[in-house]
Number of protein chains: 4
Amino acid sequence: MATHRFTPTAYHNVIGSLPPALHIADGDTVVTETLDAAGYDKEGVQRASGPNPMNGPIFVEGAERGDSLKVEILGMVPTRDTGFTRSVVAGNVVDPEDVRTLPPSDKVIWQIDREALSTRLSAPVAGLESFVLPLSPMIGCFGVAPSLGQAISTATSGEFGGNMDYRLLAPGTTIWFPVSAPGALFFLGDCHAVQGDGEIVGTGIETTFEVTVRLSVEKKKIIWPRGETADDIFTIGNARPLDQALQHATSEMLRWLASDYGLDKTAASHLLGQVVRYDVGNVFDPAYTMACRVSKTWLEGR
Amino acid sequence: MATHRFTPTAYHNVIGSLPPALHIADGDTVVTETLDAAGYDKEGVQRASGPNPMNGPIFVEGAERGDSLKVEILGMVPTRDTGFTRSVVAGNVVDPEDVRTLPPSDKVIWQIDREALSTRLSAPVAGLESFVLPLSPMIGCFGVAPSLGQAISTATSGEFGGNMDYRLLAPGTTIWFPVSAPGALFFLGDCHAVQGDGEIVGTGIETTFEVTVRLSVEKKKIIWPRGETADDIFTIGNARPLDQALQHATSEMLRWLASDYGLDKTAASHLLGQVVRYDVGNVFDPAYTMACRVSKTWLEGR
Amino acid sequence: MATHRFTPTAYHNVIGSLPPALHIADGDTVVTETLDAAGYDKEGVQRASGPNPMNGPIFVEGAERGDSLKVEILGMVPTRDTGFTRSVVAGNVVDPEDVRTLPPSDKVIWQIDREALSTRLSAPVAGLESFVLPLSPMIGCFGVAPSLGQAISTATSGEFGGNMDYRLLAPGTTIWFPVSAPGALFFLGDCHAVQGDGEIVGTGIETTFEVTVRLSVEKKKIIWPRGETADDIFTIGNARPLDQALQHATSEMLRWLASDYGLDKTAASHLLGQVVRYDVGNVFDPAYTMACRVSKTWLEGR
Amino acid sequence: MATHRFTPTAYHNVIGSLPPALHIADGDTVVTETLDAAGYDKEGVQRASGPNPMNGPIFVEGAERGDSLKVEILGMVPTRDTGFTRSVVAGNVVDPEDVRTLPPSDKVIWQIDREALSTRLSAPVAGLESFVLPLSPMIGCFGVAPSLGQAISTATSGEFGGNMDYRLLAPGTTIWFPVSAPGALFFLGDCHAVQGDGEIVGTGIETTFEVTVRLSVEKKKIIWPRGETADDIFTIGNARPLDQALQHATSEMLRWLASDYGLDKTAASHLLGQVVRYDVGNVFDPAYTMACRVSKTWLEGR
C-alpha cells in the first residue's frame, strides 16, 4: 500500500460529488494537513472560509455505491501552538429563559504545548488559573459524498458522516461510511485538540493538524456510520432531536449485531438493554450526533 | 445518628405529600427492603402493584421547603436469586418503521448469583450462551414529594427526582433533591441489579434489594437533582425530548459551578465546553433523563 | 336534570383525587364563576395563588374508572372589565439565540368591553393603537382526576386533560375526558377572553368568567381527550415535544374512527391523509397540546 | 413581461447550483408541466426517478445573493385523470408501540375528475364508498438553490424551501425564497391534487399538473420563506422537531412584523399572542414544516 502526502490546493464547505483532488488505491494511507474550522493554516494565514473547510475529495479506487469506506485514523499531530474556542455555551443547551443572561460569546485563544501535549487558555480567566487539559485530538468533520448527488454543508451531518463532532473519532478509531458515489469521495477537516461531549460552546479547541488515515473499501452495505475502538464497537446517528439520533444509532446497531454477530433482535435487546452506552457527540450543529456503543468484551468469540 | 430498619406496611405508585410511614432525624440512616418493579418481594410474593411500588414516605426532621435533601447511597445488597427484564427494545428507541418488525416483548427471568455478584439469563438465548454480567446495583426510582402538593406517578420523573433509571445512582453516590414539602418525604424503590444507558428494553434487571441510605438536610436551594460520586459531580434533567433534559441538567450545572465553585458563566463554559460528559439515564419513561457530569479533577481546590 | 350554581370556597393548584366540593347527578348542569389565572376574582380581590387555581372537584354520580366524562361547554360570560397578558413571546418559541434580544416580559392590562364583546390594550402600544379583538372565550385548564391517585399541577396537562390552553375548547364544544377516579372529579378554571394558537406569550387574555357546563357519564373507554364542535370531531394529545403530542392525538383519532365510524386503519389513513387538520393548542406549558381534527362532513352517515 | 412555456428535458432529485435549464427576466411568467412524485408524466410514462423530480433550474435575471425571489402561484391545472397515495399513516405520526399493528402501506390509485375538479379512490374501500374530495391543488416541493453551493435532496426542506408539503402553497399564494445563488435557480415539482395537514401518509394525492408561476426579484433579505394569501401573511420554518420548525417560523415573523409593519417585539408579541395561527405543513419528511400565519385584518394600514 502506498502513502500519499496530500496538500490541498482547494478547500470545500460542502461534502458532495465534487471533482476528486486525489486518487488513491484501496488500502492506501493519506497524510494531510488540515486548516482550522475558520480556515486558518498552521502559520495563521487564512486559506479558506468557514464553515469547516475540508480537505478532499479523495477518490478511492474500487469504491462503489452500496460499499462501505473504512477509515482508520492512524494519527493526529497538532501543527500549531494556538487553538480557539467560543467563550459561552450555545443558547440551545440551556433552558430557554436562561439564554437572556448568557454573556456575549467571543473567540478566545488557547495555548497548545506540543511537547507536553496539553493546552490552556492564553489569557487568564478567573477560576481557571491552573486549568490545563491534556490533548485528546479528534476529527470534527469527515465523511463521504452523500446520496443522490447531494452536496451538504460541512456545518451539519447525516448518513454520510459530516460534522459529527464526536469525541471518540480519534487516533485508534476506525469508522465506516456508506458509499454513495463512485470512489466514495472522502473529505476531512475541522480537527479539535480536545472537546467535551456535545460541543456545547460550538467549538472544541479548534486548531490545525497533520492527520494520517488509511482508506479501504469493504463490500458491505451500511446505512449509518459504524465504528470501532480498541474496546468498543459503536454506531452513529445524526439528526434532531437527540431522540431521533439515538433511534438511528440504535437501529443501526441492531442491524450490525444481527448481520455480523449472530444476535437476533431479542438477543441483541437483552445485551443492549443491560450493557449499552450512549455518547452525546454534538448538540450544537443542525444535526445532533448520538453514538450507540457496546464493549467488545460482550462480543468475544462472535 | 440512628439507624432505622424500615419495613413498609404499604407501598405507593405515586411520589407525593402522603402521610409519613417513618420519621427520622437529620443525618439518620435507613435500611429497608424494596420490592421489584412489579411489586414482588424477595420470596416471590406480590405485595403491591406496579408501576414501581415505593417504600416511604420517610419524614426527615428539619427539612423545609427550599432545602435540599442529601441522600447518600451507602449500600445495596440483592436479596433474591432472580430478576426479570422485558425482552425487546421499546418502540421509541428505534426508527419508527423498524417497530413493525420488532418481536413481541415478553417478561424474561435472569439468575442472580449473590455470591459471585453476577447475573445471567435463566433460559438459554441463542448467541448469549456465555453472557454473564457483573452486578451493578442502582436505584431506579427515588425522590421527594414534589411541589404544590402534587403526587406524581412512579413511572416518571421531574425536578423532585422519581423514575430516572440512571445507572450512576448507585452505592457510593450521593444525590441531593430539592425539598418542597415539610420533612421532604423521601421515597425509594425500583432497584436494578444492572442496567444499560437508556433502559431501552423498559427495564433493568429488576429484583429486590436491601438498601442503606443516609438522609441529611442542607440549607441550600437547588432546582434539579445534583449528585456526586468518588470521581465526578453531576446534575440531572428530566423531560422529553432528551434535548430538553440536557438543557435542564446543563442550566443546573451552570448554577452549581457559579454558586459553589466560583466559576461565572464564561469560566464554566470554558470548562464544560472541553471536559463535560453527558450520560443518558433513561429514554423509556414519560420523562427522559440526562445527566451532566464533570470530573472533580477539574474542580480541585475550588 | 338539575342546574347547580357552584360557588367554591377553596381553589386548587393541582388536579387530583381531592375531596369533592360538589356532588351532582349524571347530566346535571353547573354554573360557576372562575378566578383568573393569578387567582384574582371579578372584584380584583386575590382569592387563591397561581398557577391556574381551579374550581372543584365536582363529583359526578355514576362515573367509574374506564368511563368517559362528557363536558358540554354551554356558555361563558366574562364577569370583569379587565384581563391581563404577559407582554413578550416566551423563550421557547423563538430561535434560541434570539432569546438574548427579547425584552423583559411584564404583566399588561387589557380592557374588556362586555357589551361589545371585544377587548383592547389598556395603555396604548405603538403600532397597535386601533387593535381591537372580538372576544373568543375558551377554558384554558380543565379535566378530571388522573390515574393512580396522582395530583398534577394545573400548569400542565396529560391524558386527564389539564392546562391544554386549546382555543377551540369554547362554548359550543363538547369534550370527553377519561375517568380514573370514582365520580370523575372534574375541575375547571383559567379561562381566557381570547388566545392565539400556542399561547406563545404564556397567557391568553386572562380574566374571570361565569362558565356553564353540563356533565354526563358515558360508558366508553378513551385514552386521550376527545371533542366535538358544530363542524368537527377532534382528539387531543398532550406532551413534549409537539411531535409526540401529535402522535398521541393521531393514535387516539385512529381508535375513534375504528370504534365509532367503522373505518379500519387503512380507510382512516386515506381519510386523514387528505383531510386532517392539526391545531396547535399550546407550546408554552410543560406539556404541549396538539389537536387532530376532522370535519364531520366526511363522517356523515357513519 | 414575457410568458415562457418551459418543457424540461431533464429533472432533478436535488435543489442546488445546477446549470440553468431556462433563463427568464425579472417578472416573467413560466408555464410548465410537472411529473408526479414518482417521476411519471401525464401519459403514465416514467420520465425520471423519485424522490420528487423537479423542473428547473430557472435562472431569473437580476437575482443576487441576499435578495428574495417572489413566486406568485398563478394557476395549477391537473393534467391526468389519476393520482396515487400511500395507504397507511407513517410510523412516526402514531405512538411508537402502535406502529406494530399498522398494516403494510401500499400504493393506491385515485380517480381525478378534471371537469368536476374532484377526486375519489379508484377501488372501493370499506367505509369510504361515497368519499369524494374537492381538488385543492398545491405545490409540494419548490424553492431555490441553497447557500454555500449545497445541493439538497428534494425529499427534504430548509431555509431555501424544498419539500415543505404545505397545503396553503396553492394558486393565489405568493411565496418569497431567500436567494443564495446568482439567478436564484428556481425549481418546482411534486404537486398534489389535495393533501391534509402533515402529509401523514407520506403523500398527498400525487399527480401531474400544468403550473403557472410568475417570478420576480425583490431587494430584501429574508432568512426563512415568507408568504401571502388573500387573507393572511405567513412565514415557514423547516426542521425537526416540530418545536424547532415553529421557532424558525416565529422568529421570522417577528423580523417581518418589525421591518415591514412597524411592530417592535413587544407589539408583535401582543398581536401574535392573541391572533396567531400555526399550520402543520408536513410531519413526514426529514425536515418537518410549520407555518406561522397572521390575518391581514390585523395589519391593515400598516
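Since we're looking at a predicted model, the values are computed, not measured.

Cut-off values and rules
Residues numbered from 1 in each chain as written. Chains lettered and ligands numbered in written order. Predicted model: local features only at pLDDT ≥ 70, side-chain atom pairs only at ≥ 80, totals over all residues. Heavy atoms only, no water. Helix = DSSP H or I, 4+ residues; strand = E, 2+ residues; numbered from the N terminus. Rg over C-alpha atoms; globule rule 2.2 N^0.38 Å. Buried < 20%, exposed > 50% of the residue type's maximum accessible area, 1.4 Å probe, protein only. Areas by Shrake-Rupley, 256 points an atom, 1.4 Å probe, with all protein chains shown as cover. Lys, Arg positive; Asp, Glu negative; His and termini not counted. Charge placed at Lys NZ, Arg CZ, Asp CG, Glu CD. Salt bridge = Lys/Arg side-chain N within 4 Å of Asp/Glu carboxyl O. Phe/Tyr/Trp six-rings, centres within 6.5 Å; stacked < 30°, edge-to-face > 60°. Lys NZ or Arg CZ within 6 Å of the ring centre and 35° of its normal. 1 Å grid on protein atoms, 1.4 Å probe; cavity = no way out; pocket = protein on both sides within 12 Å on 5 of 7 lines; lining within 4 Å. Points joined across faces, edges and corners; volume = space filled by probe spheres on them. Nonpolar A, V, L, I, M, F, W, Y, C, P; charged D, E, K, R; others polar. Contact = heavy atoms within 4.5 Å. Buried area = accessible area lost by both parts, 1.4 Å probe. Polar contact = N/O pair within 3.5 Å; in protein donor to acceptor, adjacent residues only side chain to side chain. Pairing = 2+ DSSP bridges. Least-squares fit on C-alpha atoms with pLDDT ≥ 70 in both. pLDDT = per-residue confidence, 0-100. Domains from an automatic or database assignment.

**Q** How should I be thinking about the overall build of chain A in this particular structure?
**A** For chain A, the helix and strand inventory stands at two helices and 21 strands. Its C-alpha atoms give chain A a radius of gyration of 19 Å, near enough to 19 Å, the size a compact globule of 302 residues would have. Here the C-alpha coordinates of chain A stretch approximately 55 × 45 × 35 Å along the principal axes. In chain A, buried positions account for 66% of the 302 residues. Taken as a whole, chain A presents about 9700 Å² of accessible surface, with 51% of it coming from carbon and sulfur. In chain A, the 24 positive side-chain charges and the 36 negative ones have mean positions that sit 3 Å from each other.

**Q** Got a minute to help me understand the pattern of salt bridges in this structure?
**A** When the charged atoms of two side chains with opposite charge come close together, those side chains can pair. Tallied over the full model, the rule gives 68 salt bridges over all chains. As a salt-bridge pair, Arg5(C) and Glu210(C) come within 2.5 Å of each other at their nearest N and O atoms. In this pair, Arg5(C) sits in strand β1 (residues 3-6) while Glu210(C) sits in strand β17 (residues 209-218), placing the two residues 205 residues apart along the sequence. In this structure Arg5(C) comes out as exposed when scored by relative accessible area, which is 54%. Judged by its relative accessible area of 22%, Glu210(C) is partly exposed. One continuous salt-bridge network, built from bridges that share partners, spans Arg5(A), Glu33(A), Lys42(A) and Glu210(A).

**Q** What am I meant to see in the packing of aromatic side chains here?
**A** The geometry of two aromatic rings is summed up by the distance between their centres and the angle between their planes. Throughout the structure, instances matching the rule amount to 28 aromatic pairs over all chains. Each ring, one from Phe131(C) and one from Trp298(D), has its centre 5.5 Å from the other, and the planes form 85°; the classification is edge-to-face. Residue Phe131(C) is found in the loop between β9 (118-121) and β10 (133-134), and its partner Trp298(D) is found in the segment after β21 (288-295); the two belong to separate chains. Cluster of aromatic residues (ring-pair linked, three or more members): Trp110(A), Phe131(A) and Trp298(B). Geometry around Phe84(B) places Lys107(B) over its ring, the cationic atom sitting 4.4 Å from the centre.

**Q** Help me understand empty space enclosed by the protein in this model?
**A** Vacant regions in the atomic arrangement are exposed by a probe of water-molecule size rolled over the atoms. Applying the stated criterion across every chain, the model contains one cavity of 30 Å³ or more. Its boundaries defined by the atoms lining it, the largest cavity holds a volume of some 30 Å³. Taken together, Asn92(C), Val93(C), Leu242(C), Val283(C), Tyr288(C), Asp243(D) and Leu246(D) make up the lining of the largest cavity. For the lining of the largest cavity, the class distribution of residues is five nonpolar, one polar and one charged.

**Q** Please explain the interface of chain A and chain B as it appears in this structure.
**A** Interfaces are often sized by the amount of accessible area the parts lose when they come together. Across the boundary between the two partners, chain A contributes 66 residues, which contact 66 residues of chain B. Carbon and sulfur atoms make up 60% of the area that chain A and chain B hide from each other, which totals about 5100 Å². Where chain A meets chain B, there are two salt bridges. In this structure, Asp98(B) and Arg255(A) form a salt bridge, with 3.6 Å as the shortest nitrogen-oxygen distance. Inspection of the chain A/chain B interface yields 20 residue pairs in polar contact (both at pLDDT 80 or more). Mapped by element, the contributors of at least two residues to the side of chain A that touches chain B are β7 (82-86), β8 (107-113), β10 (133-134), α1 (242-261), α2 (265-275), β20 (277-282) and β21 (288-295) of chain A.

**Q** It is not clear to me how the interface of chain A and chain D should be interpreted in this structure. Could you clarify?
**A** The partner chain D presents 12 residues to the 12 residues of chain A that form the contact. Carbon and sulfur atoms make up 58% of the surface buried where chain A meets chain D, a total of about 960 Å² over both sides. For chain A, the biggest contributors to the area lost against chain D are Leu148(A), Gln150(A) and Arg240(A); these three give 44% of the whole. Applying the counting rule to chain A against chain D returns zero salt bridges. Our count for the contact surface shared by chain A and chain D stands at five residue pairs in polar contact (both at pLDDT 80 or more). Looking at the side of chain A that touches chain D, the element that brings in the most residues is strand β12 (residues 151-153) of chain A, giving three residues. Class assignment of the residues belonging to the side of chain A that touches chain D gives a composition of six nonpolar, five polar and one charged.

**Q** It is not clear to me how the sheet that holds strand β11 (residues 138-144) of chain C should be interpreted in this structure. Could you clarify?
**A** Strand pairing in a sheet relies on backbone hydrogen bonds, with the paired strands running either antiparallel or parallel. All names here are of chain C. On the basis of which strands lie adjacent, the open sheet formed by six strands has the order β3-β5-β16-β11-β14-β13 and mixed pairing. The sheet is open, and its two edges are formed by β3 (22-24) and β13 (157-158), each paired on a single side. Relative to strand β16 (residues 184-192), β11 is paired through six bridges, and the arrangement is antiparallel. Note that in β16 the partner of Cys141 across the bridge is Gly189.

**Q** How do you make sense of helix α2 (residues 265-275) of chain B when you look at a structure like this?
**A** Because the α-helix completes a turn every 3.6 residues, residues three or four places apart line up on one side. Of all 11 residues that make up α2(B), nine are buried, and the element is covered over most of its length. Residue Asp264(B) occupies the N-cap position of α2(B), its side-chain oxygen lying 3.1 Å from the main-chain nitrogen of Thr266(B).

**Q** Which parts of the structure should I look at to understand the relation of the copies chain A and chain B?
**A** Relating one copy of the chain to the other requires a rotation about an axis plus a shift along that axis. Once turned by 180° and shifted 0.0 Å along the axis, chain A lies on chain B with an RMSD of 0.0 Å. Within this description, the copies of the chain are treated as partners about a two-fold rotation axis. Distance from the rotation axis, computed per C-alpha, reaches its smallest value in chain A at Leu242(A): 3.0 Å.

**Q** Any chance you could explain the confidence of the model for chain A here in plain terms?
**A** Close inspection of predicted coordinates is inappropriate in any region flagged by low pLDDT. On average, residues of chain A score 97 in pLDDT, and 100% of them reach the 70 mark or higher. Reported for the predicted complex are a pTM of 0.98 and an ipTM of 0.98.

**Q** Would you mind showing me how to read the relation of the copies chain A and chain D here?
**A** At an RMSD of 0.0 Å, chain A and chain D line up after a rotation of 180° and a shift of 0.0 Å along the axis. Comparing contact sets, 100% of the residues at the interface of chain A also lie at the interface in chain D, consistent with an isologous, same-surface contact.

**Q** Explain the pairing of strand β16 (residues 184-192) of chain A to me, please; I cannot follow it from the model alone.
**A** On a regular strand, each side chain points to the face opposite its neighbour's, so the side chains alternate between the two faces of the sheet. All names here are of chain A. The element β16 is extensively covered by neighbouring structure, given that nine of its nine residues are classed as buried. Bridge count for strand β5 (residues 54-60) against β16 is four bridges, and the pairing is antiparallel. The partner of Phe59 across the bridge, within β16, is Ala184.

**Q** Would you take a moment to explain the domain arrangement of chain A for this structure?
**A** Residue and element names in this part refer to chain A. When its domains are assigned, chain A resolves into domain 1 (3-80 + 138-218), domain 2 (82-134) and domain 3 (226-297). Measuring from the centre of the C-alpha atoms in domain 1 to the corresponding centre in domain 2 gives 25 Å. Tallying the contact residues gives 15 residues for domain 1 and 16 residues for domain 2. Taking both partners together, domain 1 and domain 2 bury about 1300 Å²; carbon and sulfur atoms supply 67% of that area.

**Q** Help me understand the side chain of Asp165(C), please; the structure alone is not making it clear to me.
**A** Residue and element names in this part refer to chain C. Within the secondary structure, Asp165 sits in the loop between β14 (161-162) and β15 (174-178). Comment: no salt bridge for buried Asp165; closest opposite-charge side chain is Arg240, at 10 Å. Excluding residues that lie within four positions of it along the chain, Asp165 makes contacts with Met138, Gly140, Asp190, His192, Gln195, Glu199, Gly281, Asn282 and Asp285.

**Q** Honestly, unusual backbone geometry in this entry has me stumped. Any pointers?
**A** Note: most peptide bonds trans; most residues except glycine with negative phi. Put simply, Gly50(B) and Pro51(B) share a cis peptide bond, and its omega is 5°. Positive phi outside glycine occurs at Ala184(C), with the angle close to 70°. By the element assignment, Ala184(C) lies in strand β16. Here Ala184(C) falls in the buried class, since its relative accessible area comes to 0%. With a phi angle near 60°, Leu148(D) is a residue other than glycine that sits in the positive phi range.

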